[in-house]
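As a plain string of letters, each chain reads:
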Amino acid sequence: MTAELVQILLFPGFVFLFAYAMFVEWFDRKAYALMQNRVGPPWFQPFADFIKLMAKEYIIPKRANPVFFLALPTGILAFVLTTIVCIPVASNKAMYSFEGDILVVAFLLTAASMVIFLMGWFSNNPFTIVGGTRAISQMISYEVPLLFALLTPAIMAGSWSIAEITAFFRANPILLIFQIPALIIALIALQAKLERVPFDIPEAETEIVGGPLAELSGRGLALFHLATDIEMIVGVTLLANLFLGGFSSNIAIGLIEFFVKTLALVFILTAMRTVMARVRIEQLVLFCWHRLVPAALVQVLIAVLIKGWWLT
Amino acid sequence: MAEVKIPIGPQHPALEEPELFLLTVDGEQIVDAEMRIGYNHRGMEKSAEFRTFMQTLYLYERICGICSHSHTTCYIQAVEEIAGLEIPPRAKYIRTLIAELERIHSHLLWLGIAGHEIGFDTLFMYSWRDREFVQDILEEITGNRVNYAINTIGGVRRDIPENKIDDYLKALDILEERCGYYTKVAFEEGTLAARLGGVHYLSKEKAIELCACGPFARASGVATDVRFEEPYLAYPEIPFNLITYDSCDIFGRAVVRILETIESIKICRYILKNLPPGEIKLEKVPKKIPEGEAVSRYEAPRGEDIHYVRSNGGEKPYRAKVRAPTMQNLPATMESLKGSYIADAPIAIASIDPCFSCTDRIAVVRDIRSGKESRVRLRDLSKYGKGGRR
């Protein structure tokens, strides 16, 4: 009981995730700045921003639904924090591992995206509603290729448990090569899920002033930003587990592997947002359904063929 | 779905100046666009009537933050035409140099803003970094980064230091290389072309019909440029090309502006190498401008700028009318906005490089509750103008 509580509260739970979220946000911003020929923020900037926002007044607009307006920022944070129960962090075991936990993680991440839509809807402002509907259109576009991409390692390993998939690929590292396309698809879909350039269509501050988050202030905004940062960590950790062979059971090597692999993936996400312009919503939908989904289907087919001919 | 009206402005992160664009949208598509100007009216033309010709020069420097040299040069050309003054060739060359440096800085500024509007912040950071080269040259020549105040009636106030010319040429070389890089980025980066291509379409016929001007019209294939049609300053002696592009969309406007920047760099280099010797201003300039009127045309970075000045033979202009390029571009902008996507509205409005402080005309006071309008009358405004001077 105490051990689980420590896991949930300290490592890899709340405290670790919070600290690492702050670090990853700084890493992202600093790398982004350096690539743009700027100086970038000092290491404590995300933490200072968080404290500042927490101390500010939380304004509930008259037209908004107060219950949802108060509950949703906590809700999104709860959804993304819960995923960590099923994902191995810096180790080859998750806190609770069971057959099908990969789907639970996928569901929780989708629920987090759903919260963004609800936030826009219940803020009841033209900008937030347009942003919310964009978030939904975006979600139905990237969710399918993302799930197909996650399906590939599951088919190859013949398991629905993240820890078992990781163990399988650690035993057969050569098979990782065959799912590089799935990793690329998953990274693009993750970028869309995190609503970062070039897929920051629901937020698009120059068009709809931040979209669903337009009315948020103070504590709510701080929690939302924190949830997005943690979602990024959860996303890259999941990808590192499924596509990069996971982490060693040795705690020291596991930690090093964890930092190297997650930061490498975060760096790819950062580079993506540095070199591209925001696309339009219909361009994203077309791109997802015309390019990503067929590519993901081909990848699934490859996985099935390998599973059928090679591994049996 | 009921009609949703999305206001862009008067306060909106995509606009630098207060102006209201009311978009009626059906889903993501704009079905109707309406604009209201008047949030930024400063009564400049009226206040010019209470100032001497020289003071008006400094007032008109402040019509616009970016094309401050354009407005003063345009105004002073009209004044000099009425007074029958012929400025020395060196002054002409220096005015042209500042004008072209201003064009470079304005176009790079636009490129950055356009990048920011479409979420391409890296382009924004890069082009604004490179803009500093021009800003530094301008500061060294004139002493100021924005309101250069180099013009004076009968010439220019400051000379170009001979020993610095090599430094300027070096900076221009770096800038040309960077602009070449931007051209490459524009043509090769997929998301940029995907985002700007075919957006805010303005056909050549529509552009001519609605009197579009500047890079906005040139991107629709209309070869209009005052520097060619009615050469002024030193332009008749300088070789350069008129840039047009026929894609009729925002991508074309970006390409036209980048290529024009390169053309401007070449003009600057030519001027720096071929500066005629001599005085930079006339020794004797009359305080009173003789009776008469003149219209002056000038190719500002944003398009054709027109000033009309009329003198009664006194120290102050009887009338000094400004027609800024944004004013002329707005009808075509609003027309092309209909049918495009709401996601494109900010970049579409930004694509004409709008300057609302140049454009603003009237102030309408509207009571929100009753919807009643009350206009500020000319008498009240002139009283206000006089009161402001004391």
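Residues numbered from 1 in each chain as written. Chains lettered and ligands numbered in written order. Predicted model: local features only at pLDDT ≥ 70, side-chain atom pairs only at ≥ 80, totals over all residues.

(A) Quick peek at the overall build of chain B. Along its length, chain B carries 15 helices and 10 strands. Here the C-alpha atoms of chain B give a radius of gyration of 21 Å, agreeing with the 21 Å that 2.2 N^0.38 yields for 390 residues. Taken over the C-alpha atoms alone, chain B extends approximately 70 × 55 × 35 Å along its principal axes. Across the 390 residues of chain B, 48% fall into the buried class. (Helix = DSSP H or I, 4+ residues; strand = E, 2+ residues; numbered from the N terminus. Rg over C-alpha atoms; globule rule 2.2 N^0.38 Å. Buried ≥ 20, exposed ≤ 12 C-beta atoms within 10 Å, placed from the backbone.)

(B) Quick look at the overall build of chain A. Within chain A, the regular secondary structure consists of 12 helices and zero strands. Relative to the 2.2 N^0.38 estimate, which gives 20 Å for 312 residues, the radius of gyration of chain A is 19 Å and therefore close to what a compact globule would have. A principal-axis box enclosing the C-alpha atoms of chain A has dimensions of 60 × 50 × 40 Å. In chain A, which comprises 312 residues, the proportion classed as buried is 49%. In chain A, of all internal contacts separated by at least 6 residues, the share reaching a separation of at least 24 is 80%. (Contact = placed C-beta atoms within 7 Å.)

(C) Layout of the interface of chain A and chain B. Residue-level contacts link 21 residues of chain A with 23 residues of chain B. At the level of secondary structure, the elements contributing two or more residues to the side of chain A that touches chain B comprise α9 (205–208), α11 (251–275) and α12 (281–310) of chain A. The biggest single contributor to the side of chain A that touches chain B is α9 of chain A, with three residues. A breakdown of the residues in the side of chain A that touches chain B according to their chemical character gives 10 nonpolar, five polar and six charged. (Nonpolar A, V, L, I, M, F, W, Y, C, P; charged D, E, K, R; others polar.)

(D) Spatial organisation of the nonpolar core. Ala186, Ala189 and Leu239 of chain A are the most contacted members of the largest nonpolar core, which totals 207 residues. Beyond its immediate chain neighbours, meaning those up to four positions away, leucine 239 of chain A contacts Leu183, Ala186, Leu187, Leu190 and Leu265 of chain A. (Core = buried A, V, L, I, M, F, W, Y, C linked by C-beta atoms within 7 Å.)

(E) Structural view of the environment of glycine 43 of chain B. Residues and elements named next belong to chain B. In this fold, glycine 43 is placed in the loop between β3 (29–36) and α1 (44–48). Glycine 43 sits in the partly exposed class, given 15 other C-beta atoms within 10 Å. Measuring from C-alpha to C-alpha, the distance between glycine 43 and aspartate 360 comes to 9.0 Å, with 317 residues separating the pair along the chain.

(F) Local environment of the sheet that holds strand β8 (residues 317–323) of chain B. Residues and elements named next belong to chain B. Strand order in the open sheet formed by three strands is β6-β7-β8, and the pairing between neighbours is antiparallel. Two strands lie at the open edges of the sheet, namely β6 (292–300) and β8, each paired on one side alone. The sheet shows a mean angle of 15° between the axes of neighbouring strands, taken without regard to direction. Strand direction decides the pairing type here: β6 and strand β7 (residues 303–311), joined by nine bridges, are antiparallel. The residue of β7 that forms the bridge with glycine 292 is serine 311. The strands that helix α3 (residues 68–83) touches are β6, β7 and β8; relative to β6, the one it contacts most, it runs at about 150°. (Pairing = 2+ DSSP bridges. Axes fitted to C-alpha atoms, helices over the stretch in contact; angles between N-to-C directions.)

(G) Expanded view of the environment of aspartate 49 of chain A. Here aspartate 49 of chain A lies in helix α3 (residues 45–55). In this structure, the C-alpha to C-alpha distance between aspartate 49 of chain A and leucine 194 of chain A, residues 145 residues apart in sequence, is 19 Å.

(H) Structural detail: the sheet that holds strand β1 (residues 4–8) of chain B. Residues and elements named next belong to chain B. Here three strands make up an open sheet; going across it, the order is β1-β2-β3 and the pairing antiparallel. Each having just a single partner strand, β1 and β3 make up the two edges of the open sheet. Strand-to-strand twist of the sheet, defined as the mean angle between neighbouring strand axes without regard to direction, takes the value 25°. Here seven bridges tie strand β2 (residues 20–26) to β3, and the two strands are oriented antiparallel to one another. Opposite aspartate 26, over in β3, you have glutamine 29 as the bridge partner.

(I) Representation of the pairing of β2 of chain B within the structure. Residue and element names in this part refer to chain B. Burial along β2 is one-sided: the residues Phe21, Leu23 and Val25 are buried and none of Leu20, Leu22, Thr24 and Asp26 is. Two elements, β1 and β2, share five bridges in a ladder whose sense is antiparallel. Within β2, the position partnered with isoleucine 6 by the bridge is leucine 23.

(J) Representation of unusual backbone geometry. Following valine 197 of chain A, the chain continues into proline 198 of chain A via a peptide bond in cis, with omega recorded as 5°. The backbone of leucine 233 of chain B shows a phi angle near 45°, a positive value even though the residue is not glycine. Locating leucine 233 of chain B in the fold gives a position in the loop between α10 (226–229) and α11 (250–273). Since 20 C-beta atoms lie within 10 Å of it, leucine 233 of chain B is described here as buried. Phi at aspartate 353 of chain B is positive, roughly 55°, even though this residue is not glycine.

(K) Helix α12 (residues 325–337) of chain B, seen in detail. All names here are of chain B. For α12, which comprises 13 residues, the first-to-last C-alpha distance of 18 Å matches the rise-based estimate of 18 Å (1.5 Å per residue) to within 8%. Along α12, the helix axis deviates most sharply at proline 331, where the bend reaches about 30°. Most of α12 sits inside the fold, with 10 of its 13 residues counted as buried. One or two residues past the end of α12 sits glycine 339, with phi positive at roughly 95°. (Expected span 1.5 Å × (residues − 1). Bend = angle between axes of the 7 residues up to and from the residue.)

(L) Geometry of the packing of helix α5 (residues 101–123) of chain A against helix α6 (residues 126–157) of chain A. Residue and element names in this part refer to chain A. Where α5 meets α6, the closest approach of the two axes is 8 Å, and the angle between their N-to-C directions is 175°. Here α5 is positioned roughly antiparallel relative to α6, judged by the angle of their axes. In this structure, α5 uses Ile102, Ala106, Thr110, Ser113, Ile116, Phe117, Gly120, Trp121 and Ser123 to contact α6, whose residues at the interface are Thr128, Ile129, Gly131, Gly132, Ala135, Ile136, Met139, Glu143, Leu147, Leu150 and Ala154. Here the residues of the contact of α5 with α6 sort into 12 nonpolar, seven polar and one charged. (Parallel < 35°, antiparallel > 145°, perpendicular 65-115°, else oblique.)

(M) Quick look at the confidence of the model for chain A. Scored by pLDDT, chain A has a mean of 87; 100% of the residues are at 70 or more. Per-element confidence in chain A ranges from a low mean pLDDT of 75 for α9 of chain A to a high of 92 for α3 of chain A. (pLDDT = per-residue confidence, 0-100.)

(N) Inspection of the confidence of the model for chain B at higher detail. Of the residues in chain B, 94% reach a pLDDT of 70 or more, and the chain-wide mean stands at 84. Among the scores for the predicted complex, ipTM is 0.79 and pTM is 0.83.

(O) Summary view of the packing of helix α2 (residues 53–60) of chain B against α3 of chain B. Residue and element names in this part refer to chain B. Where α2 contacts α3, the two axes come as close as 8 Å, and the packing angle between them is 155°. What the angle tells us is that α2 and α3 run roughly antiparallel. Crossing of α2 against α3: the hand is right-handed. Residue-level contacts link Phe53, Leu57 and Tyr60 of α2 to His71, Thr72, Tyr75, Ile76 and Val79 of α3. Partitioned by chemical class, the residues of the contact of α2 with α3 number six nonpolar, two polar and no charged. (Left-handed = near helix turned anticlockwise from the far one by under 90°.)

(P) View of the environment of glycine 221 of chain B. Residues and elements named next belong to chain B. Structurally, glycine 221 can be placed in the loop between α9 (214–218) and α10. Expressed as a C-alpha distance, the spacing of glycine 221 and alanine 207, which sit 14 residues apart in the sequence, is 9.0 Å. Once you skip the residues sitting within four places of it in the chain, glycine 221 turns out to touch Lys204, Thr244, Asp246 and Cys248.

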